[in-house]
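These are the residues of each chain, in order.
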Amino acid sequence: GAVVSQHPSWVICKSGTSVKIECRSLDFQATTMFWYRQFPKQSLMLMATSNEGSKATYEQGVEKDKFLINHASLTLSTLTVTSAHPEDSSFYICSADTDSNQPQHFGDGTRLSIL
Amino acid sequence: GENVEQHPSTLSVQEGDSAVIKCTYSDSASNYFPWYKQELGKRPQLIIDIRSNVGEKKDQRIAVTLNKTAKHFSLHITETQPEDSAVYFCAASFGNQFYFGTGTSLTVIP
């Protein structure tokens, strides 16, 4: 149980393109989902907390107009990287939990490469 | 906010030896401490967790200890195997806010 699906797994696109990443909880409802960014050999950096039906909460230093988050249902959150540039290339990973103080369940991650 | 520190950043052990990874946290309100294993390019996988009302938890070759007073917790892997090679992350949590350590790259040498 508690499976989180993330799509796509790998994206290569030109600079200036906007890219949408989907995160779905397959067998549970997730009021809250989390978006992380991970650079090679580094830790998971929380970008934002996605709340169903309300605005996302962004961490300090994360541009909300650059990284648009939509959490329209209890099973789907999307992250859109707008006008992506090479410095946005990274591994983006989402997670969700079934309740407070429960483990986070991670998606498979999306490797984004901007040329 | 919470600050989680993790040591060492890299660790190499001979197959069969034990590996220990340590984390400290700053916020005494944190009450849930999971450990994740991440293989290259894959999702972090929960391997063991401990709550603040417990001092130690064991699952086969993996154990976690928690010292609430000192605000530190440790992961212990015994009889290491090559497939244990991965990056391990600790985390401290209160409610649904998770704060991750910087990771430890463990290499088990056959």
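Look up a bit, the structure's there.
Residues numbered from 1 in each chain as written. Chains lettered and ligands numbered in written order. Predicted model: local features only at pLDDT ≥ 70, side-chain atom pairs only at ≥ 80, totals over all residues. Heavy atoms only, no water.

> Help me understand the overall build of chain A in this model?
Scanning chain A from terminus to terminus reveals zero helices and 11 strands. Ordered by position from the N terminus, the helices and strands of chain A form the series β-β-β-β-β-β-β-β-β-β-β. The C-alpha radius of gyration computed for chain A amounts to 13 Å, which stays within 12% of the reference 13 Å derived for 115 residues, consistent with globular compactness. Each of the three principal axes of chain A carries a C-alpha extent, and together these read 40 × 25 × 20 Å. The burial tally for chain A puts 50% of its 115 residues in the buried class. For chain A, contacts bridging at least 24 residues in sequence account for 53% of all contacts bridging at least 6. Within the structure as shown, chain A displays about 5,700 Å² of accessible surface, and the carbon and sulfur contribution to it stands at 50%. Between the mean site of the 9 positive side-chain charges and the mean site of the 11 negative ones, chain A shows a separation of 9 Å. (Helix = DSSP H or I, 4+ residues; strand = E, 2+ residues; numbered from the N terminus. Rg over C-alpha atoms; globule rule 2.2 N^0.38 Å. Buried < 20%, exposed > 50% of the residue type's maximum accessible area, 1.4 Å probe, protein only. Contact = heavy atoms within 4.5 Å. Areas by Shrake-Rupley, 256 points an atom, 1.4 Å probe, with all protein chains shown as cover. Lys, Arg positive; Asp, Glu negative; His and termini not counted. Charge placed at Lys NZ, Arg CZ, Asp CG, Glu CD.)

> Explain the sheet that holds strand β1 (residues 5-7) of chain B here, please?
Strand pairs in the sheet, formed through backbone hydrogen bonds, run parallel or antiparallel to each other. Residues and elements named next belong to chain B. In space, the five strands of this open sheet follow the order β1-β3-β8-β7-β6, with antiparallel pairing throughout. Of all strands in the sheet, those with a lone pairing partner are β1 and β6 (56-59), marking the two edges. The mean inter-strand angle of the sheet, taken between neighbouring strand axes irrespective of direction, is 15°. Bridge analysis of β6 against strand β7 (residues 62-67) gives four bridges, and the strand direction is antiparallel. (Pairing = 2+ DSSP bridges. Axes fitted to C-alpha atoms, helices over the stretch in contact; angles between N-to-C directions.)

> What should I look at first to understand the packing of aromatic side chains in this one?
The geometry of an aromatic ring pair is captured by the separation of the ring centres together with the interplanar angle, meaning the angle of the planes. Scanning all chains against the criterion turns up 12 aromatic pairs over all chains. Each ring, one from Phe106(A) and one from Tyr36(B), has its centre 5.2 Å from the other, and the planes form 90°; the classification is edge-to-face. Note that Phe106(A) is positioned in strand β10 (residues 105-106) and Tyr36(B) in strand β4 (residues 32-38), a pairing that runs across two chains. Measuring from ring centre to ring centre gives 5.9 Å for Tyr36(B) and Phe100(B), while their planes differ by 55°; the resulting arrangement is tilted. In this pair, Tyr36(B) is assigned in strand β4 and Phe100(B) in strand β10 (residues 97-100), connecting sequence segments 64 residues apart. For the pair Tyr36(B) and Phe100(B), one class covers both residues: buried. Linked through ring pairs, Tyr36(A), Phe106(A), Tyr32(B), Tyr36(B), Phe98(B) and Phe100(B) together constitute an aromatic cluster. (Phe/Tyr/Trp six-rings, centres within 6.5 Å; stacked < 30°, edge-to-face > 60°.)

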